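Breakdown of the fold
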Amino acid sequence: MDSAHISVAHVSKVFQTEERAVVALQDINLEIPRGQFVCLLGPSGCGKSTLLNAIAGFAPPSSGSIVADGQTVSAPGPERGMVFQEYALFPWMTVAENIAFGLQIKGLAKAEISATVDRLLAMLSLSDFRSRYPKDLSGGMRQRVAIARVLALDSPIMLMDEPFGALDALTRRNLQDELLRIWAELKKTIIFVTHSIEEAIYLADRIIVMTYRPGTVKRDLMVELPRMRDPAAAEFNALKRELGQLVMEEQQRHHNDELRMAAVD
């Protein structure tokens, strides 16, 4: 598809352990249009993060190809910004310095860096915290800084690996709403890994349900619910039940596989 912002073609990933080869991904094919919000959903061990890392360029596929923003992916690149669950902030830098770091590496003028940092501090409600260090911030505030640092580089693609997974429910919902606001304003293409069915439905235009190892596409589903979405609505919960059944099937496969491996040992 010529309009695809991200194209994943016949991607497989095999990890070699001392005992055996582990097939983490098998023949993944995805075409993601520009500006789409996609969630990768599935139980632990289904290859969600492995696929995201392949798209990021951190772990090239064993076979197949990935094209992002018109470029074949072979390494990390500036067109793909990554937000991790662990925040990945520099503890010795202030909030403003963390956001400015990537811009300084790019060699931008001080005035341009300052203007960008000020804009992002305001966008993410961080202006009052610009001189704080990460240790002085809550988990939610740290994740806002991590998102701002990626946005500073103006990458057209944002890759997010369970960025809200360690947060409490209220902070998580607030950041979900912030992310949706930013996405609507900046028109980024987002691939977001989650194991939460409700989070996937709340956020995504499209949900990719993955199978337990080897990771393949079990269901590719467009979410037709209007925004903002109400988790209490009947349509929301009908989709939640449908996706829950798909994920539980893979969770059961995972459980059965563990029992089989235990019996072999």
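Residues numbered from 1 in each chain as written. Predicted model: local features only at pLDDT ≥ 70, side-chain atom pairs only at ≥ 80, totals over all residues. Heavy atoms only, no water.

Per an unreviewed UniProt entry, the protein chain goes by ATP-binding cassette domain-containing protein and derives from Duganella qianjiadongensis. Looking at the Sequence similarities (unreviewed entry) heading of the UniProt record, one finds this comment for the protein chain: "Belongs to the ABC transporter superfamily." (UniProt positions renumbered as here; feature names shortened; annotations may be inferred.)

This brings us to unusual backbone geometry. Along the chain, Arg-213 connects to Pro-214 via a cis peptide bond; the corresponding omega equals 0°. Mapped onto the secondary structure, Pro-214 falls in the loop between β9 (206–210) and β10 (217–222). Residue Arg-227 is joined to Met-228 through a cis peptide bond whose omega torsion reads 0°. Within the secondary structure layout, Met-228 lies in the loop between β10 and α7 (234–264). We note that Asp-69 has phi near 55°; this positive angle belongs to a residue other than glycine. (Helix = DSSP H or I, 4+ residues; strand = E, 2+ residues; numbered from the N terminus.)

So, about helix α5 (residues 169–186). With 18 residues, α5 ought to run about 26 Å at 1.5 Å a step, and its terminal C-alpha atoms sit 26 Å apart, in line with that. Inspection of α5 places Arg-172, Leu-175, Gln-176, Glu-178, Leu-179, Leu-180, Ile-182 and Trp-183 among the buried residues, and these make up the whole buried set. Turning to α5, the residues buried within the fold contact β3 (37–41), α3 (110–123), α4 (139–152), β7 (157–161), β8 (189–194) and α6 (197–203). Two to three positions downstream of the cap, the backbone nitrogen of Leu-170 sits 3.2 Å from a side-chain oxygen, assigning the N-cap of α5 to Asp-168. Remark: Lys-187 follows α5 within two positions and exhibits a positive phi of approximately 60°. (Expected span 1.5 Å × (residues − 1). Buried < 20%, exposed > 50% of the residue type's maximum accessible area, 1.4 Å probe, protein only. Contact = heavy atoms within 4.5 Å. Polar contact = N/O pair within 3.5 Å; in protein donor to acceptor, adjacent residues only side chain to side chain.)

To continue, consider the environment of Leu-89. Within the fold, Leu-89 resides in the loop between β6 (80–83) and α2 (95–105). In this structure, the C-alpha to C-alpha distance between Leu-89 and Ala-148, residues 59 residues apart in sequence, is 11 Å. Excluding anything up to four places from it in sequence, Leu-89 contacts Asn-98, Pro-134, Arg-142, Val-145, Ala-146 and Arg-149.

Quick look at the pairing of β6 now. On β6, burial covers both faces: Arg-80 and Met-82 on one face and Gly-81 and Val-83 on the other are all buried. In terms of strand pairing, β6 meets β7 through four bridges, oriented parallel. Residue pairing across strands places Met-82 opposite Leu-159, the latter belonging to β7. (Pairing = 2+ DSSP bridges.)

The next point concerns the sheet that holds strand β1 (residues 4–16). What the four strands build is an open sheet, ordered β2-β1-β4-β5; its pairing is antiparallel. Only two strands of the sheet have a single partner each, and these edge strands are β2 (21–33) and β5 (71–72). Relative to β5, strand β4 (residues 63–68) runs antiparallel, the two sharing two bridges. Each bridged residue has a counterpart across the sheet, and for Val-67 the counterpart in β5 is Thr-72.

Next up on the list: the sheet that holds β8. Pairing within the open sheet is mixed, and its six strands lie in the order β6-β7-β8-β3-β9-β10. Unpaired on one side and paired on the other, β6 and β10 mark the two borders of the sheet. If you compare each strand with its neighbour and ignore which way they point, the axes differ by 15° on average. In this structure, β3 lies alongside β8, joined through five bridges in parallel fashion. Each residue of the ladder has a partner; that of Phe-37, found in β8, is Ile-190. Along the sheet, α4 contacts β6 and β7; its crossing angle with β6, the most-contacted strand, is approximately 170°. Contacts between α5 and the sheet are confined to β3, β7 and β8, with β8 contributing the most and set at about 160° to the helix. (Axes fitted to C-alpha atoms, helices over the stretch in contact; angles between N-to-C directions.)

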